[in-house]
Amino acid sequence: MNWEFILKYLPMYEKAAWLTLRIGLLGIVFAIIVGFVCSTIQYYKVPVLRRIVAVYIELSRNTPLLVQLFFIYYGLPKIGIQTNAEACGVAGLAFLGGSYMAEAFRSGLEAIEPIQTESAYSLGMNRYQTMRYIILPQAMSISVPAFVANVIFLLKETSVFSAISLMDLMFTAKDLIGLYYKTTESLFLLVVFYLILLLPISILGSLLERRLRYAGFGA
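Below is a short write-up of the structure. (Residues numbered from 1 in each chain as written. Predicted model: local features only at pLDDT ≥ 70, side-chain atom pairs only at ≥ 80, totals over all residues. Heavy atoms only, no water.)

### As for the overall build of the protein
Phase 1 of the analysis: Helices and strands together make up the secondary structure of the protein, namely eight helices and zero strands.
Phase 2 of the analysis: Ordered by position from the N terminus, the helices and strands of the protein form the series α-α-α-α-α-α-α-α.
Phase 3 of the analysis: Referenced to the eigenvectors of the C-alpha coordinate spread, the extents of the protein come out at roughly 70 × 50 × 20 Å.
Phase 4 of the analysis: Considering only residue pairs separated by 6 or more positions, the protein has 79% of its internal contacts joining residues 24 or more positions apart.
Phase 5 of the analysis: Counting every atom, the protein has about 12400 Å² of accessible surface; 67% of that belongs to carbon and sulfur.
Phase 6 of the analysis: Taking the 17 positively charged and 13 negatively charged side chains of the protein as two groups, their mean positions are separated by 5 Å. (Helix = DSSP H or I, 4+ residues; strand = E, 2+ residues; numbered from the N terminus. Contact = heavy atoms within 4.5 Å. Areas by Shrake-Rupley, 256 points an atom, 1.4 Å probe, with all protein chains shown as cover. Lys, Arg positive; Asp, Glu negative; His and termini not counted. Charge placed at Lys NZ, Arg CZ, Asp CG, Glu CD.)

Written as structure tokens, this is what we have:
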């Protein structure tokens, strides 16, 4: 192990990690929004829109992120929609993640017993109040394990961003291996930085799930 090489290129990995984290978090935020909207449409069985959402989920979940990125990055400019690599990465992650988040939220929503909704209506609550105060708090707590797993999955999927020339962690590792043939050192730094990004999320997710269970939600 060449520690001089590791120390020399540590700042390069740090810069790549910030880029990976920034694009990953932006994509995840949009994925959460898309997933919540889609799950709500499915839960309330909105005519026509639920069919569109079903097609979107199947298309997104059954095609690789790399193919989706290529379509956005190389295909959209052909029809006059210009984009850059970072925007493409965010859009691709949101498109893929939205379907997984939708399924996670939907499972939480459908786990709530119908009697709770009926009871809320009998107390005079409208649909919005029932969703906000009765359904959502319980559904979100039930969805926490799947939600955290999806966040980790999406952050790991950022490793394919190197295919569209984004200088993320994977791009940096491949570049250094190609230039200096320091495979062990480059991959060591790659693993370390992915652990730095992902382990805190995994730990926080476990703590949040435990806290919600102790609070009595999702039992």
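Having seen it, we continue.
### As for unusual backbone geometry
Phase 1 of the analysis: If you check the backbone angles, Val48 has positive phi at about 65° while not being a glycine.
Phase 2 of the analysis: Following the sequence through the fold, Val48 ends up in the loop between helix H1 (3–43) and helix H2 (49–61).

### Some details on a nonpolar patch on the surface
Phase 1 of the analysis: Nonpolar side chains collect at one region of the surface, where Leu26, Val29, Phe30, Ile33, Phe36, Val37 and Met140 lie side by side and expose about 580 Å² of accessible area between them.
Phase 2 of the analysis: Tallying contributions element by element places H1 first for the nonpolar patch, with six residues.
Phase 3 of the analysis: Considering the arrangement of structural elements, one finds Phe36 in helix H1.
Phase 4 of the analysis: Taking the relative accessible area as the measure of exposure, Phe36 reaches 31% and is therefore partly exposed. (Patch = residues over 30% accessible without salt bridge, like charges linked within 9 Å, V, L, I, M, F, W, Y side chains within 5 Å. Salt bridge = Lys/Arg side-chain N within 4 Å of Asp/Glu carboxyl O. Buried < 20%, exposed > 50% of the residue type's maximum accessible area, 1.4 Å probe, protein only.)

### A few points about the nonpolar core
Phase 1 of the analysis: One finds Tyr13, Leu154, Phe161, Leu166 and Leu169 to be the most contacted residues of the largest nonpolar core, which totals 40 residues.
Phase 2 of the analysis: Secondary structure elements with two or more residues in this core: H1, helix H3 (65–75), helix H4 (85–110), helix H6 (127–157), helix H7 (169–180) and helix H8 (183–215).
Phase 3 of the analysis: Here this core gets eleven residues from one element, more than from any other, and that element is H1.
Phase 4 of the analysis: Sequence-distant contacts of Leu154, defined by excluding residues within four places in its chain, comprise Ile28, Ala31, Leu93, Leu96, Gly97 and Met101.
Phase 5 of the analysis: Membership of the second largest hydrophobic core comes to seven residues, among which are Tyr43, Leu109, Met131 and Ile135. (Core = buried A, V, L, I, M, F, W, Y, C linked by side-chain atoms within 4.5 Å.)

### Quick look at the state of the cysteines
Phase 1 of the analysis: In total, this model carries zero disulfides according to the counting rule given.
Phase 2 of the analysis: The cysteine Cys38 is free of any disulfide, with Cys88 supplying the nearest cysteine sulfur at 20 Å. (Disulfide = S-S within 2.5 Å.)

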